[in-house]
Amino acid sequence: MLSGKLFDSVKPDESNWTLESGKLEVSITKSLPDAWKELIPGNTVGEEIHDPELVEQIHSQLAHMCSDKWGADPHKSDVYDPQQLEECDAYPADTALLMRIDRTLQKITNQASLGSHKWLFNVRTDPKSIPSMCIRHDVDGIIWQPDTSVNTIDGAGDTGTVGWNCKHIGTFSALGYVQASKESRKFTVSAPDLSYVAICDSVKHIHVYRQPSQLENDLRNRKTGTKVSHIARQQVIALDPPLEVMGAYAGNEFLYVLTSKNLHLIRMNEPENF
């Protein structure tokens, strides 16, 4: 028999056990969908057996991201296919609206339907400006900085059409696809200088995606001969102890993560004059 504390919390009301032909079967329901490294920490008895149906389901969902063609042309990637988007990628066109409300006129001056261009997060790149918006376009996250100035077109005053410009100031490659795959995501934050973005799970894990950085020496693809001078690094931070994440803030140098009992300060970049 096993004894000890489980790896994480469970739902007692949704757990049960059965005894049939001398075989005891215990079924437990986890409180969170995160994977467990062990049933009971420190107990190595037994063997982990994956559910064949679940494994087949995962393989079928990732099949479109794999290729059996060696040396495929990197410029003709078929990873993204709008027809293969999952439910988590869809965003109802009638509920995704971007609006500008004029405080002086006390009315909506601009309105646009985002449709499949899902809003991902806001980031304040300049303390003197309004926050920028990260909007999904295909698989990427595009950073737009709204212009605070007002341009009146086709007339003036209350009857004129107000022009609203938004400037493209940055891009996080494949971030839209990545965030849609994080079912346990609770917060997404970005550094003001757009050097990295952090996706915080509800418990324990922080997924960090950095902008491409210059390599000291170029890399060469042995099959295609393509030179690579920049790479985008990804990191996974495991909080200890693994508690529920209550909030997060990304600075240029540090990432602040608040859990139910602790405040974690994580250095992300060295200061510019270091």
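These figures come from a predicted structure and were not determined experimentally. (Residues numbered from 1 in each chain as written. Predicted model: local features only at pLDDT ≥ 70, side-chain atom pairs only at ≥ 80, totals over all residues. Heavy atoms only, no water.)

A. Spatial organisation of the overall build of the protein chain. Scanning the protein chain for helices and strands turns up two helices and 19 strands. Sorting the 274 residues of the protein chain into buried and exposed places 26% on the buried side. For the protein chain, the proportion of contacts with a sequence separation of at least 24, taken over those separated by at least 6, is 44%. As displayed, the protein chain has an accessible area near 19,500 Å², and 52% of this comes from carbon and sulfur atoms. (Helix = DSSP H or I, 4+ residues; strand = E, 2+ residues; numbered from the N terminus. Buried < 20%, exposed > 50% of the residue type's maximum accessible area, 1.4 Å probe, protein only. Contact = heavy atoms within 4.5 Å. Areas by Shrake-Rupley, 256 points an atom, 1.4 Å probe, with all protein chains shown as cover.)

B. Structural context of unusual backbone geometry. Between Asp-240 and the following residue, Pro-241, the backbone shows a cis peptide bond with an omega angle of 5 degrees. Within the secondary structure layout, Pro-241 lies in the loop between β16 (234–238) and β17 (245–250). A positive phi is found at Asp-138, a non-glycine position, where the angle reads about 55 degrees. With phi around 75 degrees, Lys-204 is a residue other than glycine that occupies positive phi space. Note on placement: Lys-204 falls in the loop between β12 (196–201) and β13 (205–210). Taking relative accessible area as the criterion, Lys-204 reaches 17% and is therefore assigned buried.

C. How the structure looks around the packing of aromatic side chains. Per the stated rule, a full pass over the model turns up three aromatic pairs. Ring centres 6.5 Å apart and planes at 50 degrees place the aromatic pair Phe-254 and Tyr-256 in the tilted group. Using a relative accessible area of 22% as the deciding quantity, one classes Phe-254 as partly exposed. An aromatic cluster is defined as three or more aromatic residues linked by ring pairs; in this entry it consists of Tyr-249, Phe-254 and Tyr-256. (Phe/Tyr/Trp six-rings, centres within 6.5 Å; stacked < 30°, edge-to-face > 60°.)

D. Structural detail: the pairing of β17. Relative to strand β18 (residues 254–259), β17 runs antiparallel, the two sharing five bridges. Bridge pairing in β18 places Ala-250 opposite Leu-255. Here β17 hands over to β18 after three residues, the two strands then running antiparallel side by side. (Pairing = 2+ DSSP bridges.)

E. Main features of the pattern of salt bridges. Inspection of the entire model under this criterion finds four salt bridges. Of the charged contacts, one joins Lys-186 and Glu-244 as a salt bridge, the two residues approaching to 2.9 Å between their closest N and O atoms. Taken together, the residues Lys-186 in strand β11 (residues 185–190) and Glu-244 in the loop between β16 and β17 connect sequence positions 58 residues apart. The exposure class of Lys-186 is partly exposed, given its relative accessible area of 30%. On the accessibility criterion, Glu-244 (41% relative accessible area) is partly exposed. Among the salt bridges present, the one from Glu-270 reaches Arg-267, with a minimum N-O distance of 3.9 Å. (Salt bridge = Lys/Arg side-chain N within 4 Å of Asp/Glu carboxyl O.)

F. Highlighting the nonpolar core. By size, the foremost hydrophobic cluster in this structure holds 15 residues, and its most contacted members are Ile-206 and Leu-255. Of all the elements in the fold, those that place two or more residues in this core are β12, β13, β17 and β18. With three residues, the single largest contributor to this core is β12. Among the nonpolar cores identified, the runner-up in size contains 12 residues, and Leu-120, Phe-172, Val-178 and Tyr-209 belong to it. (Core = buried A, V, L, I, M, F, W, Y, C linked by side-chain atoms within 4.5 Å.)

G. Here's a closer look at a nonpolar patch on the surface. A cluster of nonpolar side chains, namely Leu-2, Trp-17, Leu-19, Leu-24, Val-26, Ile-28, Leu-39 and Val-45, defines an oily patch on the protein surface of about 830 Å² accessible area. Taken together, the elements giving at least two residues each to the nonpolar patch come down to β1 (16–20) and β2 (23–27). Tracing the backbone shows Leu-39 in the loop between β2 and α1 (52–62). Of the residues examined, Leu-39 reaches a relative accessible area of 41% and is grouped as partly exposed. (Patch = residues over 30% accessible without salt bridge, like charges linked within 9 Å, V, L, I, M, F, W, Y side chains within 5 Å.)

H. Structural context of the side chain of Asp-201. Mapped onto the elements of the fold, Asp-201 is located in strand β12. Among buried charged residues, Asp-201 stands out as having no salt bridge; its nearest opposite-charge side chain is Lys-182, 6.4 Å away. At 3.1 Å, the side chain of Asp-201 and the side chain of His-207 are in polar contact. Asp-201 has contacts with Ser-184, Arg-185, Lys-186, His-207 and Val-245, leaving out every residue within four places of it along the chain. (Lys, Arg positive; Asp, Glu negative; His and termini not counted. Polar contact = N/O pair within 3.5 Å; in protein donor to acceptor, adjacent residues only side chain to side chain.)

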